[in-house]
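Results of the structural survey
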Amino acid sequence: MPKGSELPLSIWVTGGTLPEVERERGTFADLIRATVGGAWPGPWLVADVTAPDAAPTDRVAGVVVTGSPARIADQTEWMRRAQARLADLVARRVPVLGICFGHQMLAVALGGRSGPNPAGREIGTVLVRRRRPDELLGGGNAPRSFYASTTHLDTLLELPPGAEALADTERDRYAAVRFGPRAWGLQFHPEMDGDVVARYIGARAEALRAEGLDPDALLADCRDTPESAELLRRFARLCADERARRNAYAPE
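Residues numbered from 1 in each chain as written. Predicted model: local features only at pLDDT ≥ 70, side-chain atom pairs only at ≥ 80, totals over all residues. Heavy atoms only, no water.

**Some details on the sheet that holds strand β3 (residues 62-65)**
The strand order β2-β1-β3-β4-β11-β10-β9-β6-β7 describes an open sheet built from 9 strands, whose pairing is mixed. One side of each edge strand has no neighbouring strand; the edge strands of this open sheet are β2 (44-48) and β7 (145-152). Taken pair by pair, the neighbouring strands of this sheet meet at an average axis angle of 25°, ignoring direction. As paired strands, strand β6 (residues 122-130) and β7 are joined by 8 bridges and run antiparallel to one another. Bridge pairing links Glu122 to His152 in β7. Packing against the sheet, helix α4 (residues 101-109) makes contact with β3, β4 (96-99), β10 (176-180) and β11 (183-186), and its axis sits at approximately 125° to β4. (Pairing = 2+ DSSP bridges. Helix = DSSP H or I, 4+ residues; strand = E, 2+ residues; numbered from the N terminus. Axes fitted to C-alpha atoms, helices over the stretch in contact; angles between N-to-C directions. Contact = heavy atoms within 4.5 Å.)

So this is what it looks like as structure tokens:
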């Protein structure tokens, strides 16, 4: 069993990126690790929680739950299994960050509700507006807004008990949520840069036109989103600090 100083930061994979993104830029796990970079000094542990025999260890410094093309409403066996484990991690104050699908999964695990976004699909580079100070979003001195990459049809419709909305966008009132003392969710993708989200817009162009959206305008607005990426690095640093505290109080 790993000591506190050796605990890994775990990525729970809940689905894949676009095939062309995976070929040229990598999986969700690859994108997350590349974005975090040196902000996490320890080992990584990638776990595919969709596998029938998935049983990811809870001996971790923290967990990042990825996005997915799956939909929470399906409530498959693997989703229910992962949600139960997430609820346990949150109860034990293990740091958890849910991204997009992972954000919704975390909410449902704690008693919230997810479903189709009443405002319609949100995709591209969007402005995220902070609603209250929070350590993950940079504290009280952080800018009031920043840009982020996003692509989703479903969204969080109802917060679980005790959760706080931290930020919103034009189409999503729960763009960032604090679910507990060490648990957060982001409906946007801090691991995606302008290139990646542009590939999603290109792949969805026909559907976007059918929904009344302009893919060319969305592509023109695509940009890198360093402020959003910093949230992922900040979570990794929080996990590193938490690991250091646990190690300081661990018995010899």
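Having seen the model, we can carry on.
**Quick notes on the pattern of salt bridges**
This structure, assessed with the given rule, holds 18 salt bridges. A salt bridge links Arg199 to Glu20; its shortest N-O distance comes to 3.1 Å. Of this pair, Arg199 sits in helix α5 (residues 194-203) while Glu20 sits in helix α1 (residues 19-24), and the two are 179 residues apart along the sequence. By relative accessible area, Arg199 is classed as buried at 18%. The partly exposed category is assigned to Glu20, whose relative accessible area is 28%. Between Arg33 and Asp30 there is a salt bridge whose closest N-O contact spans 3.0 Å. Here the residue Arg33 and the residue Asp30 both occupy positions in helix α2 (residues 28-36), the gap between them amounting to 3 residues, near one helical turn. The exposure class of Arg33 is partly exposed, given its relative accessible area of 32%. (Salt bridge = Lys/Arg side-chain N within 4 Å of Asp/Glu carboxyl O. Buried < 20%, exposed > 50% of the residue type's maximum accessible area, 1.4 Å probe, protein only.)

**Here we look at the pairing of β4**
Residues Val96 and Gly98 point to one face of β4 and Leu97 and Ile99 to the other, with burial holding for every one of them. Here β3 pairs with β4 via 3 bridges, running parallel. Of the residues in β4, the one forming a bridge with Val64 is Leu97. Crossover handedness for the path β3 to helix α3 (residues 77-91) to β4: right-handed. As defined by bridge partners, β4 adjoins β11 across 4 bridges and the pair is classed as parallel. Within β11, the position partnered with Leu97 by the bridge is Trp184. (Right-handed = clockwise from strand over helix to strand, strands pointing away.)

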